[in-house]
Amino acid sequence: MIEVRGLCKTYYPKKGVPVKALDNVDILLPNIGMIFVLGKSGSGKSTFLNVLGGLDKADSGEIIIKGKSSKNFSQGDFDSYRNTYLGFIFQEYNILDEFSVGANIGLAIELQGRKPTNEEINAILKEVDLDGYGNRKPNELSGGQKQRVAIARALVKNPEIIMADEPTGALDSKTGIQVFETLQKLSKTKLVVIVSHDREFAEFYGDRVIEFADGKVISDTEKSIASSEGNDGVSVIDNSLIHIKEGYKLTQEDLKMILTFLNKNTDEKLISIEEKTNIEVKKAAKINDEGNKEIFINTNQSKIKEEKQSIFKVIKSKLSLKHAAKIGGSSLKVKPVRLFITILLSFVAFAMFGLADTMGSYDKYNTLNSSLKDSNIQNAAFVKNEKYIYGDGESDFYYQGRNMTKDDLKELNDKTGLSFKGIYSKNEYLSFNQNMDDSSKIRSTNGASMYSERFYGRVYITEEEILQNNWSLTGKLPQTDDEIVIPYYIFETFKKCGYKDMRSKSTTINNPNDIINKTLMINNISYKVTGVIDTKLDLTKYAELENSNGIGGWLLGNQLFNEIESGYHGLMLISKDKYDSLVEGKSKSNYIYNDFSGNFRSIYKDGSSSYELGFDNVSSGNNLINNFKDNVYLLDSNKTTLADEEILVPISKYIYVQSSTFNCTLTAEQINEILPNYSIFNPGILYVSDVLQNARQYAIYTLSTLEKANELNASGIDLTLYHYGNGTDNFNTLTDSEKIMALFNYYNNAMYSDDSLVKLISNEANRILKSIMNIYGKDIPINGNFNFHIEKYDQYNGGKSTTKFTGRIVGFTFDSVDYVAFSDKYYYAMFDKVPAIFSKAITTMPSDQAKLKQLINIHYDKSNDIKYTMVNEVSNMLDQVNDLIENMTQVFTYVGIGFATFAALLLFNFISISLSYKKREIGILRAVGARSRDVFLIFFSESFMIAMINFVLASITLFVGVSFINTMLRNDYGLIITILNPSIRQVLLILAVSILVAFISSFFPVRSIARKRPVEAIRNR
């Protein structure tokens, strides 16, 4: 039983006067029966039905349903009330066009928390004569069929109340009759409330007729049976009709009664036995099937009682996410062109947002990581840098390129777990220029070149490393000190310009075998090439170097230089034993440690003017005397170590500042005595200072005799290789002076690699020095104490700093490279360093990501005064542009926000407008019994699908676009750093913004529409 108390409802149009749709309405409705609500348009009948069903809300009054007042109803209670107790049938059918017939019915089942089955759906369709129509779409149905779908949707919930608003208004009369007959059957067990304008149908089918006018009930009648004459078989109705029940056999008494009735009136009479005619007559006369005349009398509401007391218990709608997604997905087919354009614009905008955020979230660590992998950098080479503090003491600068020690290698090994190898270099220029036949061939008109005329350091290589790096070796690895392997890059130089030997004999080089067994003269030492190793250097990418000018050529050349210096491509590959002897200081060419480049040293006596020695190399004196005594002239030949106050200085520099003392010449007799073969090469007078400065050179003069030349030639040494004259291949065709000159050249070139020859020349040089000392020793100021200091100039740290001590010259050095020797104590005390002999450390680039990140962290670590920097074409270029990129990241962050906002607005606009067109669908869902939560879930599913399509396309576009841009920058513009490195961050951001937009664009419109009364949404107001 439903009780309506004092319902009032007034509409306030934007224009015009307020309209009272319900004016203090009181009605009591039974549990079963068919009740018609009649009235003219605007009388309030539809408003009454909508308020009764919770589709609209009264201004005042209440509805009491099973003892519960609507005053305590929330919007959700009304939704659940409709879902549990009501089945709505509308004039416009209000079935969802996007769904099939079965889906429309299944939705009602789903909202009640039950799983729709084909059996249940087909059974209800059969009940409304739509058997087999489950898969059809509404646009395939007639009006009557649509209305029966609406009835089926209402019935499938087995509601206690069915409310129908003009259910036959859009149907033909025949179909309308079918609908009313269906509803009449239902009214036997349910309450059916029908709003109609047809009084005839209302009085024929209805059990009760309530009529409205101006918002008030002006008539409330119920059907009753009029009295009639006759018996159970024959009866006279309303003194105008005779009704004979179907199958009844008339008796004589019945015939007399009928005859008497007919004779009462002489007017025309019709007796019909035709079924159709009889139905129409009964309908017109309001005769029911039992033959009783039905009349309407005022309703006695006091007789309406609750047949069975029941508790108001509702079923909250429970639409599953799967079904919501299915329903939402079906809506994507609506307005496909607009959807396509929106998705196209929004996913492009989101992809641009991802691209901008990729730049905005630029991280030099990740960039270097990906750049190293993308550029296929094979080796990790590190150099040592030292921090300088300058200015106000809070600024610093790292001076790059300090030589490294074995301790530095150990530190790198310990930090990374890798095996670093030092590239040996004492700042020597390892040129092989004199063996290049035509060096002009490797130089372009703009001066650029992609070839090299020197090696960039010395190191050894093993078979295992060749296999590990997937390199290939033609020939064999070096085994002795005078054997080397050259990289393919160096071979390319000789292939380009040709090879010439020491006699200037040219050879064309076409393949690696052509250079194998050839001799290269490097720093006056000859080396035999035993092999060529292909280190996989791709020179084709530098092909434009020789034709490039300006910044492009400079960048390309710089890239090549960095690639050569950071790998094995330009290294002189020596034997392991030779490498070890260099590193351990056992080699004759390794007694100078050039790790203090940039320092200035001065020496002076008794406060006199100081003079600059002008050399950069400082060595430990004890190491020098013990291992290289033949290169030193000691005033005391028995001395084996230097005391703390004792020093050795270069004779050439000492003589230079004391030039007035030695500005004298040797006589002809003295020359012949001291330099017996000098006249063969350079006849004439000779300054004493020249002899002192070049004692080693003059020692070679004295040793170069015809007898020695013939002796060496006979021993198998081909001196013709060292004759730079006519290029003859026959020693015997040389003149005596040419033979002696060839021997002199041989000594010059071989003295650094032949220990016995070094000793021979050193002894002869000592003899010459002693001879000069015996003649002019009294004039050489070597006695007494000298004040010695080192001035270290630092342009970033306030100029010079000075270390002073007093020393005494106890001997001279006469090597072609100048150096000062101190005692071990002073050497290490003044510099606090160990000998640094490596220009850089190198290892194979690890494939393990953790180790690679460790290398990158070391590269960027500035926490210590000493730092190690990775050097290759990638890291160097990135270091040059890193500050610029980092300064631009904030700009790209704002650009990204702009694109995200634009994309969000596009998506929001589409979804919001899409939902605004679906107010009617939302109203229908609410009328069926869906809560706001279910409606939101459905339309959020639709929005989510659009957002996911957008997300997937944007993510794919981002990564494809980034790959294209990176490839274009690398291939077309030579930018070897991979600046764009999208990560999970961009994917998550695009996903988050897409979902957020989908949520907001669904939530607010649905919330706004859900706040409206369902009837308003259905009417799309």
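A brief report on the enclosed structure follows. (Residues numbered from 1 in each chain as written. Predicted model: local features only at pLDDT ≥ 70, side-chain atom pairs only at ≥ 80, totals over all residues. Heavy atoms only, no water.)

## Quick word on the pattern of salt bridges
Taken as a whole and judged by the stated rule, the model has 22 salt bridges. Measuring nitrogen to oxygen at the nearest pair gives 2.8 Å for the salt bridge that ties Asp357 to Arg985. Here Asp357, found in helix H11 (residues 336–360), pairs with Arg985, found in helix H33 (residues 984–1011); they are 628 residues apart in sequence, far enough to count as distant. Classification of Arg985 by relative accessible area gives partly exposed; the value is 42%. (Salt bridge = Lys/Arg side-chain N within 4 Å of Asp/Glu carboxyl O. Helix = DSSP H or I, 4+ residues; strand = E, 2+ residues; numbered from the N terminus. Buried < 20%, exposed > 50% of the residue type's maximum accessible area, 1.4 Å probe, protein only.)

## Notes on the side chain of Ser187
You can see Ser187 is positioned in the loop between helix H6 (173–186) and strand E8 (191–195). Not counting residues up to four positions away in its chain, the partners in contact with Ser187 are Ile32, Gly33, Met34, Val192 and Asp207. (Contact = heavy atoms within 4.5 Å.)

## A few points about the side chain of His723
Considering the arrangement of structural elements, one finds His723 in the loop between helix H25 (706–714) and helix H26 (736–750). Aside from chain neighbours lying at most four places away, what touches His723 is Met502, Arg503, Leu734, Glu738 and Ala742.

## Overview of the packing of aromatic side chains
Applying the stated rule across the entire model yields 34 aromatic pairs. An angle of 35° between the planes, with centres 5.3 Å apart, marks the rings of Phe48 and Phe212 as tilted. Of this pair, Phe48 sits in helix H1 (residues 45–52) while Phe212 sits in strand E9 (residues 208–213), placing them 164 residues apart in sequence. According to the relative accessible area criterion, Phe212 is buried, its value standing at 1%. Ring geometry for Phe936 versus Phe940: centroids 5.4 Å apart, planes at 20°, classification stacked. Pair noted here: Phe936 and Phe940 are both in helix H32 (residues 932–971), with a separation of four residues, about one helical turn. Exposure class is identical for Phe936 and Phe940. Each is buried. (Phe/Tyr/Trp six-rings, centres within 6.5 Å; stacked < 30°, edge-to-face > 60°.)

## Details of the environment of Asp23
When you line up the elements, Asp23 lands in strand E2 (residues 19–29). Classification of Asp23 as buried rests on a relative accessible area of 19%. Along the chain, Asp23 and Ala213 lie 190 residues apart, while their C-alpha atoms are 9.7 Å from each other.

## Side note on unusual backbone geometry
If you check the backbone angles, Asp214 has positive phi at about 55° while not being a glycine. By relative accessible area, which is 63% here, Asp214 ends up exposed. With a phi angle near 60°, Asn470 is a residue other than glycine that sits in the positive phi range. Residue position: Asn470 is located in the loop between helix H14 (463–468) and strand E21 (472–475). Taking the relative accessible area as the measure of exposure, Asn470 reaches 57% and is therefore exposed.

## Digging into the sheet that holds strand E14 (residues 294–298)
Strand order in the open sheet formed by seven strands is E6-E7-E8-E3-E9-E10-E14, and the pairing between neighbours is mixed. The sheet is open, and its two borders are formed by strand E6 (86–90) and E14, each paired with just one other strand. Neighbour to neighbour, the strand axes of the sheet diverge by 20° on average, direction disregarded. Of the pairings in the sheet, the one linking strand E7 (residues 161–165) to E8 comprises five bridges and is parallel in character. Along E8, the bridge assignment pairs Ile162 with Val192. Across the face of the sheet, H1 comes into contact with strand E3 (33–39), E6, E7, E8 and E9 while running at roughly 150° to E7. Along the sheet, helix H2 (residues 75–85) makes contact with E6 and E7, crossing E6 at roughly 90°. (Pairing = 2+ DSSP bridges. Axes fitted to C-alpha atoms, helices over the stretch in contact; angles between N-to-C directions.)

## Things to note about helix H8 (residues 252–263)
Over its 12 residues, H8 runs 17 Å from end to end, which matches the ideal 16 Å to within 8%, given 1.5 Å per residue. For H8, the complete set of buried residues consists of Asp254, Ile258 and Phe261. The arc enclosing the buried residues of H8, seen along the axis, measures out at 60°, which places them on a common side. Exposed residues pointing more than 90 degrees away from the buried face of H8 are listed as Gln252, Glu253, Lys256, Leu259 and Asn263. At its buried positions, H8 is contacted by strand E12 (234–237) and strand E13 (241–244). (Expected span 1.5 Å × (residues − 1). Arc of directions from axis to C-beta.)

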